[in-house]
Amino acid sequence: MAPRFQAPRGTRDLLPDELGRWQWAEARARGVLERYGYREIRTPLFEEFELFARTSGESSDVVQKEMYRFRDLGDRDLALRPEFTAGVMRAYLEHGLGGRARVHRLWSLGPVFRYGRPQKGRYRQFSQINCELVGSPAPGADVEMITLFVDLYEAWGFHDLTVTLNSVGQPASRRAYGDALRAWLAPVRERLGADSQQRLVTNPLRVLDTKDEGDHALFRELGDMPRLLDAVDADDRAHWEAVLAGLEAAGIRYEVDHGLVRGLDYYTRTAFEVHDRSLGAQSALGGGGRYDGLVEELGGAPTPGVGFAIGLDRALLVLEERGAAVPSPAAGLYVAAMEPTRAAALGLARALRRRFAVELD
Ligand code: AMP
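This write-up is about the structure you can find in this document.

The rules we used
Residues numbered from 1 in each chain as written. Predicted model: local features only at pLDDT ≥ 70, side-chain atom pairs only at ≥ 80, totals over all residues. Heavy atoms only, no water. Helix = DSSP H or I, 4+ residues; strand = E, 2+ residues; numbered from the N terminus. Buried < 20%, exposed > 50% of the residue type's maximum accessible area, 1.4 Å probe, protein only. Contact = heavy atoms within 4.5 Å. Patch = residues over 30% accessible without salt bridge, like charges linked within 9 Å, V, L, I, M, F, W, Y side chains within 5 Å. Areas by Shrake-Rupley, 256 points an atom, 1.4 Å probe, with all protein chains shown as cover. Salt bridge = Lys/Arg side-chain N within 4 Å of Asp/Glu carboxyl O. Core = buried A, V, L, I, M, F, W, Y, C linked by side-chain atoms within 4.5 Å. Pairing = 2+ DSSP bridges. Axes fitted to C-alpha atoms, helices over the stretch in contact; angles between N-to-C directions. Expected span 1.5 Å × (residues − 1). Arc of directions from axis to C-beta. Polar contact = N/O pair within 3.5 Å; in protein donor to acceptor, adjacent residues only side chain to side chain.

1. Re the environment of leucine 161
With respect to the secondary-structure elements, leucine 161 resides in strand β7 (residues 161-167). Its relative accessible area of 7% is what places leucine 161 among the buried residues. For the pair leucine 161 and arginine 277, spaced 116 residues apart in sequence, the C-alpha to C-alpha distance is 6.4 Å. Not counting residues up to four positions away in its chain, the partners in contact with leucine 161 are Val150, Tyr153, Arg253, Val274, His275, Asp276, Arg277 and Leu285.

As structure tokens, then:
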């Protein structure tokens, strides 16, 4: 008979046998992050709902359909974090980090929550590693982020990575591009999925984010999709070209993806995703981009930033499927006591545990 209580749908238990791999991956990641000069920041698991609505955009899937929103006993409107950036930037402003140093390199690791349809590699509670480089508008910051992303995966043994990137420009160029997309999609408007028809009105770029295969077939049928890169201004274009040159200099392989727009409203200029070629359709390991408009959106002074989130569950799933070896914990000592030495063994084991792993009978 099944036990009376089970883990809520979309969540799972990580049992001690699995955790070895997680701890190994986390330790490897910490090493890379430290060598890049990033410092850890820990923010609450929940924030005001309004913070996420403001930063992710009211029309985003995350806000519309995926938020764990609740009222606490004090009638506050709160939500479990669906991503890290909003909370990290809230903390950045609340503690005036911008006044302490011009540039901050921050990372976090922990659970995030999204109410989606659970499937393999897709959960309602999952873990992300999140990095932010706040305060630098330089193309070199974008390059550093992408390089760090790739190096985290290489530290876990991934070697077949492709970075796809695009420039999402600025709000003004995106509006112009939105109009171009509407015109392009007009002949098939009625045949698009319901979500896409809605988005075509509220936020046409998000139509490109659709997961509906029928929509993608229509895109192919139309052909010649207008390109966001053709709509960006000269400064954005120069930034874009400097990022590409930097990636080449750093030895990062990339592909330009004109359909890459990312799901969140606060991105400007560079948007990127990293895929593992061996994974096929569900190949996105994570992504990120520049969000120069976000801090202002939260009421702060204009502050450039660039960041990414890595989905740990998927990375770990891949490592497990590949049977990647995880170093087993260092061998320890075993203290076996007979009846007359049982009392002494307790003290001995305790003393040994200051230096060694000790198991006592
Ligand atoms: P996003 O914040 O949507 O860009 O997601 C970043 C990464 O988090 C994705 O590439 C996935 O690896 C991972 N991720 C997103 N949603 C889920 C989910 N529901 N379950 C597991 N991993 C996820």
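Now that the structure has been shown, the text picks up again.
2. A closer look at the side chain of threonine 164
With respect to the helices and strands, the residue threonine 164 is situated in strand β7. Taking the relative accessible area as the measure of exposure, threonine 164 reaches 9% and is therefore buried. Among all residues touching threonine 164, those that are not within four sequence positions of it are Glu255, Asp257, Leu260, Ala271, Phe272, Glu273 and His275.

3. A look at a nonpolar patch on the surface
Together, Leu45, Phe46 and Phe70 make up a nonpolar patch on the protein surface, roughly 250 Å² of accessible area in all. Relative to the helices and strands, phenylalanine 70 resides in strand β3 (residues 69-71). Overall, the relative accessible area of 30% leaves phenylalanine 70 in the partly exposed class.

4. Observations concerning the nonpolar core
Membership of the largest hydrophobic core comes to 43 residues, with the highest contact counts inside it found for Cys131, Tyr153, Trp156, Phe158, Leu165 and Phe308. Elements represented by at least two residues in this core include exactly α1 (16-35), β6 (125-134), α6 (139-155), β7, α10 (234-250), β9 (268-276), β11 (305-311) and α12 (312-321). Top element by residues in this core is α6. It accounts for ten residues. If we skip the residues at most four places from it in the chain, tyrosine 153 touches Phe158, Leu161, Leu285, Ile310, Gly311 and Ala315.

5. A look at helix α4 (residues 85-94)
For α4, the tally of buried residues reaches eight of ten residues, placing the bulk of the element in the interior. Within the span of α4, buried status applies to Thr85, Ala86, Gly87, Val88, Met89, Arg90, Ala91 and Tyr92. Summarising the contacts, the buried residues of α4 are in contact with β2 (46-48), α2 (49-56), α5 (97-100), β5 (104-113), β6 and α11 (294-297). Glycine 96 sits one or two positions beyond α4 and adopts a positive phi of about 55°.

6. Let's talk about the sheet that holds β9
With mixed pairing, the eight strands of this open sheet are ordered in space as β1-β5-β6-β11-β10-β9-β7-β8. The open sheet has two edge strands with one neighbour each: β1 (39-40) and β8 (254-256). Judged from the seven bridges that link them, β6 and β11 form a sheet pairing that is antiparallel. From the neighbouring strand, glutamine 128 faces β11, where its bridge partner is glycine 311. Along the sheet face, α4 touches β5 and β6 and points at about 45° away from the line of β6. Contacting β5, β6, β7, β9, β10 (284-290) and β11, α6 runs over the sheet at an angle of about 15° to β11.

7. Section: α10
Here α10 spans 24 Å end to end across 17 residues, near enough to the 24 Å set by a 1.5 Å rise per residue. Turning to α10, its buried residues number three or more, namely Asp236, His239, Trp240, Val243, Leu244, Gly246 and Leu247. Buried residues of α10, seen end-on, are gathered within an arc of 160° and therefore sit on one face of the element. In α10, the exposed positions that point more than 90 degrees away from the buried face belong to Ala234, Asp235, Glu248 and Ala249. For α10, the capping residue at the N-terminal end is aspartate 233, with a side-chain oxygen 3.2 Å from the backbone nitrogen of aspartate 235. At the exit of α10 stands glycine 251, carrying a positive phi of roughly 80°.

8. Some remarks on the side chain of serine 167
Of note, serine 167 is situated in strand β7. We classify serine 167 as buried; its relative accessible area is 1%. Within the local environment of serine 167, its side chain forms a polar contact with the backbone nitrogen of glycine 169, the two atoms lying 3.3 Å apart. Dropping the residues within four chain positions of it, serine 167 is found in contact with Leu228, Leu229, Val232, Trp240 and Arg269.

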